2 protein chains.
Amino acid sequence: MGEFDVIKRFFLRPERQLARADCVALGIGDDCALVQARPGTQIAISSDMLVEGHHFFASVDPRALGHKALAVNLSDLAACGAKPLAFTLALALPKIDAAWLDKFSSGLFALSDQQGCELVGGDTTQGPLNICITVLGEIPLEKGQSQALLRSGAKPGDDLYVSGNLGDARLALEVMRGNLQLEDAQFQLARERLERPTPRIELGLALRGIANAAIDVSDGLLGDLRHVLKASGVGATIRTDQAQAMLAAQSALRAALAKPSGPTDTQLTERLWLGYVLAGGDDYELAFTAPKASRNAVAAAAARARTPVSVVGQIDTELGLRLVNAQGSAVENHFAAFDHFA
Amino acid sequence: MGEFDVIKRFFLRPERQLARADCVALGIGDDCALVQARPGTQIAISSDMLVEGHHFFASVDPRALGHKALAVNLSDLAACGAKPLAFTLALALPKIDAAWLDKFSSGLFALSDQQGCELVGGDTTQGPLNICITVLGEIPLEKGQSQALLRSGAKPGDDLYVSGNLGDARLALEVMRGNLQLEDAQFQLARERLERPTPRIELGLALRGIANAAIDVSDGLLGDLRHVLKASGVGATIRTDQAQAMLAAQSALRAALAKPSGPTDTQLTERLWLGYVLAGGDDYELAFTAPKASRNAVAAAAARARTPVSVVGQIDTELGLRLVNAQGSAVENHFAAFDHFA
């Protein structure tokens, strides 16, 4: 099987050509794909690259990998409030493994179909396994103004929200690394979050015109939040008790940490647990800010998007990032954001 | 240095933010970039991935690599007649090497600035060296019809043209592999073509409304032409004598092949030489078809684009691809297109 056979067998779906989104004027099979933006819209674009051994284990289910490769890109569209339109896939493969490709493409297309985001082109080549996806999304203009959610709009006094849960992906990773033990049901829950993250597209769309700023949490909340603070020229305070409540598997983690195989020192336990939530990485939730006066609007948007959101802190005039506990006392910040080269 | 330092030091150019193309509403630094298509236009999109050891040698000049990574993508825009707008860069690096990144980015930006194609976003991660670029270009609509040059428009009786030269990139590769010897001046000429290809953007733009079909020659003329023939439902005949004249370094090659270190059998010599031209790969020229009645228009377009073009054959009603010599006798086709997995 050669590269064109791979494209034809696993990535061309002629039956989809008719059902194709209006925006795709020309899909796979020419030098370029052609995408037609609707009048009064902008195109949002983002690229993410996943490398074996860095972003995923070689043993990962290829279906989950196909899902995740697209999901992490869609998460960037969600953070801008963009509606997914189309994507390109560039794939370096060590060899052609039909069973692997079949599963990978089925995981990819399940999410692509669910989100109405069409594969329009790309590249297939030999090399160490590497998956690079570029997504295009649509952002409406209103009176010539972009409705994109940006990192730069956070205002002092804004509530700081996070969607869904934080920390479970890292928890699964630590179990897979042999650093922690969890009951199987709890591990599977956490692993699902690591391997099959849910891009918060609906929430991003619902927050247009409501949130002042947004970002997707991929390197850990504290690290990603710093980008928002810097772009907006503001600071923030995070309530560690509210943040800790974001861990879905917290009861399991509590039990795991209390076992002889886990750390027994209470402070260390707390620090580990909070670290997963605040700086675990691979969460693909949205962190966003909105005025306190918009709490009802945020709650309604979250309900429309069927996505839970929680307040974990607030935006301050004072620059920098502070952690405080339920009593308002400062909590030391030991937590480093994920850096691929650190 | 971490990943954000890499972006800031080598890829953010704040002084460019003001001079930025009109189409770029938001560049590097948010979850997505925002691109604004002008009314009455389509967006052309293409992705290409370059992998060390497959697309380039580890020893390549990083400046040339930066140029080539963007050039091969721009070549796809050229083949559609698209005007370059913007690109994303996803980069996997084994380690952070400031000297390498400095040269790589300078080669990349020299071409990007020359073509008015702005870097708007991307990804930086650790992994085996891999460069994935996605380009966006603009195609005008006329009365709602796309002006893109497609693979599917070739008509029987059309002239088959190729721009510039073919075969020199492969010639350089064979010298670098130790399979051939060339005088240094000739090798440098061929190597320049391998490492710093010229995307034929101006020619693609000039051919809108004139050419019936176009493709960029990246895997070798015969292989790429087959995509045009298949998409158009036609066949073609190539004149091997006209094709052979496309090799810029042909005199040098002739001399090299006559030397004791080269093959001495005349038939083998001919076959090698023709093979480089017809199936060498990495040429990044345009192959295109146009009605015989448009020869003056093609010549004028080529002159406007300051790009030489040559007729190397014609499109036939009879399916399949035929090679004939100057006397019209059939030449056997031994030449396989480049396939990354063959």
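Everything numeric here is computed off the predicted structure, so don't read it as measured data.

Criteria and cut-off values
Residues numbered from 1 in each chain as written. Chains lettered and ligands numbered in written order. Predicted model: local features only at pLDDT ≥ 70, side-chain atom pairs only at ≥ 80, totals over all residues. Heavy atoms only, no water. Core = buried A, V, L, I, M, F, W, Y, C linked by side-chain atoms within 4.5 Å. Buried < 20%, exposed > 50% of the residue type's maximum accessible area, 1.4 Å probe, protein only. Helix = DSSP H or I, 4+ residues; strand = E, 2+ residues; numbered from the N terminus. Contact = heavy atoms within 4.5 Å. Salt bridge = Lys/Arg side-chain N within 4 Å of Asp/Glu carboxyl O. Polar contact = N/O pair within 3.5 Å; in protein donor to acceptor, adjacent residues only side chain to side chain. Nonpolar A, V, L, I, M, F, W, Y, C, P; charged D, E, K, R; others polar. Pairing = 2+ DSSP bridges. Phe/Tyr/Trp six-rings, centres within 6.5 Å; stacked < 30°, edge-to-face > 60°. Axes fitted to C-alpha atoms, helices over the stretch in contact; angles between N-to-C directions. Arc of directions from axis to C-beta.

### Re the nonpolar core
Among the nonpolar cores identified, the biggest contains 56 residues, and Phe11(B), Phe87(B), Leu89(B), Ile131(B), Ile133(B) and Phe288(B) are the most heavily contacted of them. Per element, the largest residue contribution to this core is 11 residues, and it comes from helix α3 (residues 62–80) of chain B. Aside from chain neighbours lying at most four places away, what touches Ile131(B) is Asp48(B), Met49(B), Leu50(B), Phe56(B), Leu65(B), Ala69(B), Leu89(B), Ala90(B), Leu91(B) and Phe104(B). Membership of the second largest hydrophobic core comes to 55 residues, among which are Val6(A), Leu65(A), Leu111(A) and Ala290(A).

### Brief notes about the interface of chain B and chain A
Facing 68 residues of chain B, the contacting portion of chain A comprises 67 residues. On inspection of chain B and its partner chain A, the count reaches 4 salt bridges. Among the salt bridges present, the one from Arg151(B) reaches Asp30(A), with a minimum N-O distance of 3.8 Å. Applying the counting rule to chain B against chain A returns 23 residue pairs in polar contact (both at pLDDT 80 or more). For the side of chain B that touches chain A, the per-class residue count stands at 34 nonpolar, 21 polar and 13 charged. Here strand β3 (residues 41–51) of chain A pairs with strand β2 (residues 33–35) of chain B via 3 bridges, running antiparallel.

### Structural notes on the packing of aromatic side chains
All names here are of chain A. Tallied over the full model, the rule gives 6 aromatic pairs over all chains. Aromatic pair phenylalanine 11 and phenylalanine 109: ring centres 6.4 Å apart, planes at 55°, arrangement tilted. Placement of the pair is phenylalanine 11 in helix α1 (residues 3–11) and phenylalanine 109 in helix α4 (residues 98–115), with a sequence separation of 98 residues. Pair check on accessibility: phenylalanine 11 and phenylalanine 109 agree, each one buried.

### A look at the sheet that holds strand β11 (residues 285–290) of chain A
All names here are of chain A. Reading across the sheet, the 6 strands line up as β9-β11-β8-β12-β10-β13 and stay open at both edges, with mixed pairing between neighbours. If you trace the sheet from one side to the other, it starts and ends with β9 (213–217) and β13 (320–324), each paired once. On average, adjacent strands in this sheet sit at an angle of 25° to one another, irrespective of strand direction. Bridge count for strand β10 (residues 235–239) against β13 is 5 bridges, and the pairing is parallel. In the sheet register, glycine 235 faces β13, and the bridge partner there is glycine 320. This element, helix α3 (residues 62–80), spans β9 and β11 of the sheet and lies at about 170° to β9.

### A closer look at helix α12 (residues 295–304) of chain B
Residue and element names in this part refer to chain B. Buried within α12 are the following residues: Val298, Ala301 and Ala302. Looking straight down α12, one finds that the buried residues subtend no more than 100° of arc, so they occupy a single side. Structural note: α12 exposes Asn296, Ala303 and Arg304 on the side pointing more than 90 degrees away from its buried face. Buried positions along α12 lie against β8 (159–163), α7 (201–206), β11 (285–290) and β12 (309–316). At the exit of α12 stands arginine 306, carrying a positive phi of roughly 50°.

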